[in-house]
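# Close look at the chain arrangement
Each chain is listed here by its residues.
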Amino acid sequence: MTTPASIQAALRGDNALPLRPVDQVMNLERLGSIHQSRLSFMRTLVRRIMRERWQIKPVQFNLNDQGYGTVIYEIHTPNKCYSFVLFSDYLSPEERNDRVIATKWDLTMALVDGEVDDIYLEKLRQNVPLQEAGRVDARVFVLSRANRSARNFDYVVAQLAKGEQPDVEQIAKVGYLYRTTAVYGSGKLGMSDWEKVASRHPDFARPFAAEMFVCLMLRNFSLIQAEHIARHQAPETCTPMLPEVKRFFGIGNSTGLGMAPYLINHPLLINQWVEMRELALARVRVLGTLNPRIAAQFQELLQRCAAHTAETVTEDEWQTENNRLVLQDLQQLQQHCSEGVSDWDSLLRWSEQHCSLQGQEMLVSILLELYPELVNELEDYHCAEEFLDLDPVMPVSELKSVIEQRYRWALDYDFSEEGSRDIFWYRSEEKMEPRLGNAAEEDGKDKQMALGVAYAVRKCYDQLSAYIAEHPDHSTARFMVAQPKLRGIVRRIQSMNRCIYGDIQANLLDRDILPMHLLRAKLAFFGVGKFDPRSRLWVRNTMFQGAPLLEDIGHCFNDDWFMPLAPKV
């Protein structure tokens, strides 16, 4: 959806709202420090489902006593009917593998346009369990798979079978029964592409809405399946899970380097996501009124975020230290605000002087939570036309000025320094996953992915400067004829000059680059929590923890599952 004139006016001009500067916001470490918020995609999806009262019912539930079989849900929205088709199969311990290269999984599933008859179900049954090795058609939006949590699934089933609730403290350590290992959409493997989904299916016309919905449905099924198995194991003693315990379960996710290239390859879209978040913050800074109710809610959210952070379990030293700093920041904020807050702008500026980056960004998420009336409408403007257009008539002198103004951060890197170009990104043929290579030690740099934007800008600037020395009055078109290999980066430079934020400001070729920041940034926009890095290259996390259950649809909903806490049972 195009950003309306009212929002464009708020972003630009003499009377624009006070947006944080681009050098601050697009810093990679800061982007890697943001948290879930009211504008995260999981939150916006759940709000829509609850507001529109989607009808989600199983029309086929054929599971044996061990939970294996086929399930079909029909989803009726105000616009259309969709089907969620899931296959549950036995997976032996030696076949269990969470990597992309796995060939079998506990669950495989698909989100499909329309109702599913027996013939189409059989076609799905022959292909969906194969995932990448299968083939689906354009009726399918999303394809996914998941494996059981080794620490939680059997334990929860056993507890329910003997008539007891699972221990909440254990759930807090691993807050899910299943973990996804891939969620495919947007035209992959024969599925419907994004243009078709966005134009024909308004229910999923926001970025990653269909993918997030599949994860929400998986979370719902995991709870039902656990109860189903427990009921068959011990029908006389089995007890259902308490609703508040169910809501504390999310769905697990393992995310590796596959997410990182997306942030670089979709700069206009990422700019839009950042703009909406920053506009929401600017609205709060200027228009967010303070009263006793808001002040009390603010203090409650500070305490909730501290408790949620304390409940987050990780063995990673880096993340443990980040969590410790956030807890320290939240305590400082509570002390600083104990006698009241004069205005949010002053508090944000105070946090920039006294808190870590993650603490500062936690405060941003809390402030957005306080003012749904200022924030929620911006969820409709997360889409962007992703065309990087070349402006051939732009004078080369103007192009040089654009680089100097918009890409000063890239020109500030010294690419002759040791280590500044040690890393190259490539896609592994064997494992079909992005990888990092060391230019000094490994072959394959000739097949690298074009993610080194800063270095590409530097090369373009140097060649452009030399060209201008000889042809100061030429246009960009003439420069492109002379240097056709630079067309891609010039197109990017010119297109991003029309944005407020634009490119992530980092040299992704530096040997000290921390890809975890890229993963964190995208996952935070999704709305995940409980980050648990397993290395500098991949992270486990939890999705939809605290979210409403499907049986909550149609009942009172106050959208208050930000930073969920373990229930008291």
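Refer to the structure presented above.
Residues numbered from 1 in each chain as written. Predicted model: local features only at pLDDT ≥ 70, side-chain atom pairs only at ≥ 80, totals over all residues. Heavy atoms only, no water.

### Some points on the overall build of the protein
In plain terms, the rule: Runs of E in the DSSP output that reach at least two residues are strands. Runs of H or I that reach at least four are helices, and both are numbered from the N terminus. Summary of the burial criterion: residues with accessible area below 20% of their type's maximum are buried, those above 50% are exposed, and those between are partly exposed, where the area comes from a 1.4 Å probe applied to protein chains only. Contact between two residues is taken to exist if any of their heavy atoms lie within 4.5 Å; hydrogens are not considered. The accessible surface values rely on the Shrake-Rupley method and a 1.4 Å probe; as for residues, cover is taken only from the protein chains in view. Charged-residue counts in this description rest on Lys and Arg as positive and Asp and Glu as negative, His and the chain ends being excluded. To locate a charge, the coordinates of NZ of Lys, CZ of Arg, CG of Asp or CD of Glu are taken.
Scanning the protein for helices and strands turns up 23 helices and 11 strands. Along the longest, intermediate and shortest principal axes, the C-alpha atoms of the protein span 90 × 60 × 50 Å. Within the protein, buried positions represent 57% of all 569 residues. Counting contacts in the protein only where the partners sit at least 6 residues apart, residues at least 24 apart contribute 76% of the total. For the protein, the accessible surface area stands at approximately 24500 Å², while carbon and sulfur atoms represent 48% of it. Averaging the locations of the 64 positively and 77 negatively charged side chains of the protein gives two centres separated by 2 Å.

### Focus: the environment of Val-313
In this structure, Val-313 sits in the loop between helix H13 (292-311) and helix H14 (317-336). With a relative accessible area of 43%, Val-313 lands in the partly exposed category. The spacing of Val-313 and Phe-531 is 218 residues in sequence and 8.5 Å in space, taken between C-alpha atoms.

### Points about the packing of helix H15 (residues 344-354) against helix H16 (residues 357-370)
Our working definition: For helices, the fitted axis covers only the stretch in contact; all axes are lines through C-alpha atoms, and the angles between them, taken along N-to-C directions, range from 0 to 180 degrees. We call two directions roughly parallel when the angle between them is under 35 degrees, roughly antiparallel when it is over 145, roughly perpendicular when it lies between 65 and 115, and oblique otherwise. Crossings are sorted by hand: turned counterclockwise from the far helix by less than a right angle, the near helix makes the crossing left-handed, and turned clockwise it makes it right-handed. When residue character is reported, Ala, Val, Leu, Ile, Met, Phe, Trp, Tyr, Cys and Pro are called nonpolar, Asp, Glu, Lys and Arg charged, and the others, Gly included, polar.
Between H15 and H16, the shortest axis-to-axis distance is 9 Å and the interhelical angle comes to 160 degrees. Judged on the interaxial angle alone, H16 and H15 are roughly antiparallel. Along this stretch, H15 crosses H16, giving a crossing that reads as right-handed. On the side of H15, the interface is formed by Trp-344, Leu-347, Leu-348, Ser-351 and Glu-352, while H16 contributes Gln-360, Leu-363, Val-364, Leu-367 and Leu-370. For the contact of H15 with H16, a count of residues per class yields 7 nonpolar, 2 polar and 1 charged.

### Regarding the side chain of Thr-314
Definition in use: Counting of polar contacts relies on pairs of N or O atoms within 3.5 Å, with two restrictions inside protein: one atom must be capable of donating a hydrogen and the other of accepting it, and residues adjacent in sequence are counted only when both atoms are side-chain atoms.
On the secondary structure map, Thr-314 appears in the loop between H13 and H14. Look at Thr-314 and you get buried, because its relative accessible area is 16%. A polar atom in the side chain of Thr-314 sits 3.0 Å from the backbone nitrogen of Asp-316. Within the structure, Thr-314 has its side chain in polar contact with the side chain of Asp-532 (distance 2.7 Å). Once you skip the residues sitting within four places of it in the chain, Thr-314 turns out to touch Gln-319, Thr-320, Asn-323, Phe-531, Asp-532 and Pro-533.

### Observations regarding the sheet that holds strand S2 (residues 69-76)
Selection criterion: The criterion for strand pairing is that DSSP finds at least two bridges linking the strands in question.
Across the sheet, 9 strands lie side by side as S1-S2-S3-S4-S5-S6-S7-S11-S10; this open sheet has mixed pairing. Either end of the sheet is taken by a strand with one partner, and the two such strands are strand S1 (55-63) and strand S10 (529-533). Strand-to-strand twist of the sheet, defined as the mean angle between neighbouring strand axes without regard to direction, takes the value 25 degrees. Judged from the 6 bridges that link them, strand S5 (residues 140-148) and strand S6 (residues 176-184) form a sheet pairing that is antiparallel. Each bridged residue has a counterpart across the sheet, and for Ser-144 the counterpart in S6 is Val-183.

### Notes on the pattern of salt bridges
Put simply, the test is: When a carboxyl oxygen of Asp or Glu lies within 4 Å of a side-chain nitrogen of Lys or Arg, that pair is called a salt bridge.
All told, the structure shown has 35 salt bridges when counted by the stated rule. Its salt-bridge partner being Arg-498, residue Asp-389 comes within 3.9 Å of it at the nearest N-O pair. Highlighted residues: Asp-389 in the loop between helix H17 (372-375) and helix H18 (396-406) and Arg-498 in the loop between helix H22 (487-496) and helix H23 (516-526), separated in sequence by 109 residues. Overall, Asp-389 belongs to the partly exposed group, its relative accessible area being 43%.

### What to know about the nonpolar core
Definition in use: Put simply, a nonpolar core is a bunch of buried Ala, Val, Leu, Ile, Met, Phe, Trp, Tyr and Cys residues held in one set by side-chain atoms that sit within 4.5 Å of each other.
One finds Leu-111, Phe-204, Phe-213, Trp-425, Phe-479 and Phe-544 to be the most contacted residues of the largest nonpolar core, which totals 128 residues. The dominant element in this core, judged by the number of residues it contributes, is helix H9 (residues 209-233), at 14 residues. Core analysis: the second largest hydrophobic core is formed by 37 residues, Ala-280, Trp-350, Leu-363 and Leu-378 among them.

### Brief notes about a negative patch on the surface
As a reminder of what qualifies: Each patch is built from residues lacking any salt bridge and having more than 30% relative accessible area; the joining distance is 9 Å for like charges and 5 Å for nonpolar side chains (Val, Leu, Ile, Met, Phe, Trp, Tyr).
Residues Asp-193, Glu-195, Glu-385 and Glu-386 make up a contiguous surface patch of negative charge. Looking at the element boundaries, Glu-386 is found in the loop between H17 and H18.

### Considerations on the pairing of strand S4 (residues 107-113)
Taking burial as the measure, the 7 residues of S4 include 7 buried ones, the bulk of the element. Taking every second residue as pointing to the same face, both faces of S4 are buried, with Leu-107, Met-109, Leu-111 and Asp-113 on one and Thr-108, Ala-110 and Val-112 on the other. Where strand S3 (residues 81-88) lies against S4, 7 bridges are found, and the strand directions are antiparallel. When the sheet's bridge partners are listed, Phe-87 is paired in S4 with Thr-108. Where S4 and S5 come together, 6 bridges link them in antiparallel fashion. Within the sheet, the bridge partner assigned to Thr-108 lies in S5 and is Arg-145.

### With respect to the side chain of Arg-285
Within the secondary structure, Arg-285 sits in helix H12 (residues 267-287). Given a relative accessible area of 12%, Arg-285 falls into the buried group. Setting aside anything within four residues of it in sequence, one finds Arg-285 in contact with Pro-18, Arg-20, Trp-344, Asp-345, Leu-348 and Arg-349.

### Some thoughts on unusual backbone geometry
Phi at Ser-186 is positive, roughly 55 degrees, even though this residue is not glycine. With respect to the secondary-structure elements, Ser-186 resides in the loop between S6 and helix H8 (194-200). Assessed through its relative accessible area of 44%, Ser-186 is described here as partly exposed.

### Quick notes on the packing of aromatic side chains
This is how the line gets drawn: Centres within 6.5 Å are what make two rings of Phe, Tyr or Trp a pair, Trp counting through its six-membered ring; a difference in plane orientation under 30 degrees is then read as stacked, over 60 as edge-to-face, and the rest as tilted. A positively charged side chain is recorded as over a ring if its NZ (Lys) or CZ (Arg) lies within 6 Å of the ring centre. The angle to the ring normal must also be within 35 degrees.
Under the counting rule described, the total for this entry stands at 23 aromatic pairs. Residues Phe-204 and Phe-213 carry aromatic rings whose centres are separated by 5.6 Å and whose planes lie at 55 degrees to one another, so their mutual orientation is tilted. What makes Phe-204 buried here is its relative accessible area of 1%. Taken together, Phe-41, Phe-208, Tyr-262, Trp-273, Phe-525 and Phe-526 form an aromatic cluster joined through their ring pairs. One residue, Arg-139, lies across the ring of Tyr-120, its end atom 4.1 Å from the ring centre.

### Re H22
Buried residues dominate H22, accounting for 7 of its 10 residues. Taken together, the buried positions of H22 are Ile-489, Val-490, Arg-492, Ile-493, Gln-494, Ser-495 and Met-496. Here the buried face of H22 lies against helix H11 (260-265), H12, H18, helix H20 (453-470) and helix H21 (476-482).

### Focus on the state of the cysteines
Rules: Criterion for a disulfide: a pair of cysteine sulfur atoms within 2.5 Å.
Considering all chains together, one arrives at 0 disulfides under this definition. Sulfur of Cys-215: no disulfide; nearest cysteine sulfur belongs to Cys-383 and is 18 Å away. Cys-499 provides the cysteine sulfur closest to Cys-460, a residue in no disulfide bond, and the two sulfurs are 17 Å apart. Judged by relative accessible area, which is 0%, Cys-460 ranks as buried.

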